[in-house]
Amino acid sequence: MENVLEVLREEDDRIVEIFHGKEEWITEEVEASPTKPQIDETNTNQINTPHNVDPNNPYKDINLEKALWFHAHARGLNRHAGRIHYRMEYLARISGERVIKRRRIGEPETDRLASTQANGEDIVDPENEPPLNLDEMVLELQFIVPNPTNKPRVVDLWKITAGKRQQSREAGEFQQFLREFPVATAYDGELITIDFRMLKPSSTEFNDGWDTLEQKILTNHSALFRELTIDFVRALAIVRFKNPSRGSKRSRNEDAALNNPLSGIVKWIPPEDDFPQDGDNIPLLVVRGCFPEVSGGCAVCWGPIVIPVGGNIKTAFGVFLQCFDVFNVAPNPSDKNFFLFIGGAITNNNTLSTTGAKFLHGLQ
């Protein structure tokens, strides 16, 4: 230990000698520098300095290395802590190597392979793995049985084959895709939600956005649709009533609206009836039960396609909204402002119309 201390003392003395010599050279350079402040001997209070020289630090513009400025035990910009700083710099420069602890790009994979080998497992090199055969996966997804046991595999296949559905979506053939892949209608619409999150990753969940507005809608419009006993259905009816489409787009069946204010968007059928498979080419949320109750589940019906979405009408309506983007279809023109309000004020994936903006402002 004493030998080490002796070596450090010798290095300190040598460094001090080196920098004392540099300080003398700096002083001579500054004396001869044209940027040195010119002092008027007749007026000692006045200092005439060039425009590019800081009066508080006349040596600031001298082109010297920062390491040559020696301020013993100093702190601040360009002021080093004296001997400790220079010793560290000196030792770093005379050293022939620099130790940098940096994680290499292949290091995590190497650790994983080493751990796998230590556990006695087979090692599979990712670079030598055979490429995925999408055709085989599409075929497997087409004929797989959608039961609870196969759900993890179905979800994996559904995510991997997203490009196949995107092609059908862009070509306007998504309904044909759903006919050929009946697994898409399973699991209460969870696969539809997966596709929607891929298409709209920044969208807000319908249930989260709706809960913040439902009570405001009911409070500000307490005189509307008092006969509806379910708050969610009543709030939806108020939103639709306050966001109508104008002019020729408004072709709503007024007679049906007297019995169901959400006619054309949500349809109630008797609990014992089957979900319809002969509807229009616009998605429709069908609810089993006596209006406005739910007693037999809900389903999204799109022509011959029926997608069961559970028995909670609020959750079912959220999946129903996602279907328009996943199926790449537009809602009925008479309800355009209604869906724009839902998308702009609740799920944040659309732009509010003027009518919707006024309605939302009135709720604040």
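The text that follows walks through the structure, step by step, so that each part is easy to find. What you are looking at is a predicted structure, and each value in this text was computed from that prediction instead of being measured. (Residues numbered from 1 in each chain as written. Predicted model: local features only at pLDDT ≥ 70, side-chain atom pairs only at ≥ 80, totals over all residues. Heavy atoms only, no water.)

**A word on the environment of Leu-321**
If you trace the backbone, Leu-321 turns up in helix H12 (residues 313-327). Classification of Leu-321 as buried rests on a relative accessible area of 13%. A C-alpha to C-alpha distance of 9.6 Å links Leu-321 and Thr-347, two positions 26 residues apart in sequence. Aside from chain neighbours lying at most four places away, what touches Leu-321 is Phe-206, Phe-339 and Ile-342. (Helix = DSSP H or I, 4+ residues; strand = E, 2+ residues; numbered from the N terminus. Buried < 20%, exposed > 50% of the residue type's maximum accessible area, 1.4 Å probe, protein only. Contact = heavy atoms within 4.5 Å.)

**Considerations on the nonpolar core**
Ranked by internal contacts, the top residues of the largest apolar core, which has 65 residues, are Trp-210, Ile-217, Leu-285, Phe-317, Phe-327 and Ile-342. At 10 residues, the largest contribution of residues to this core is made by H12. Two domains each provide a minimum of three residues to this core, namely domain 1 (139-187) and domain 2 (206-362). Every residue in contact with Ile-217, bar those within four places of it in the chain, is listed here: Trp-210, Ala-235, Ile-238, Val-239, Phe-359 and Leu-363. Of all hydrophobic cores here, the second largest spans 7 residues; its members include Phe-275, Leu-284, Val-286 and Val-306. (Core = buried A, V, L, I, M, F, W, Y, C linked by side-chain atoms within 4.5 Å. Domains from an automatic or database assignment.)

**Points about the pattern of salt bridges**
In this structure the tally under the stated criterion is 7 salt bridges. As a salt-bridge pair, Arg-240 and Asp-335 come within 3.0 Å of each other at their nearest N and O atoms. Taken as a pair, Arg-240 in helix H10 (residues 231-242) and Asp-335 in the loop between H12 and helix H13 (336-346) lie far apart in primary sequence, 95 residues in all. When its relative accessible area of 2% is taken as the criterion, Asp-335 is described as buried. Through salt bridges with shared partners, a single network forms among Arg-165, Arg-169 and Asp-195. (Salt bridge = Lys/Arg side-chain N within 4 Å of Asp/Glu carboxyl O.)

**Examining empty space enclosed by the protein**
If you walk through the whole model with that rule in mind, you get 1 cavity of 30 Å³ or more. The space that makes up the largest cavity amounts to roughly 40 Å³. Forming the walls of the largest cavity are Gly-264, Ile-265, Ile-282, Pro-283, Phe-320, Phe-324, Pro-331, Asn-332, Asp-335 and Phe-339. (1 Å grid on protein atoms, 1.4 Å probe; cavity = no way out; pocket = protein on both sides within 12 Å on 5 of 7 lines; lining within 4 Å. Points joined across faces, edges and corners; volume = space filled by probe spheres on them.)

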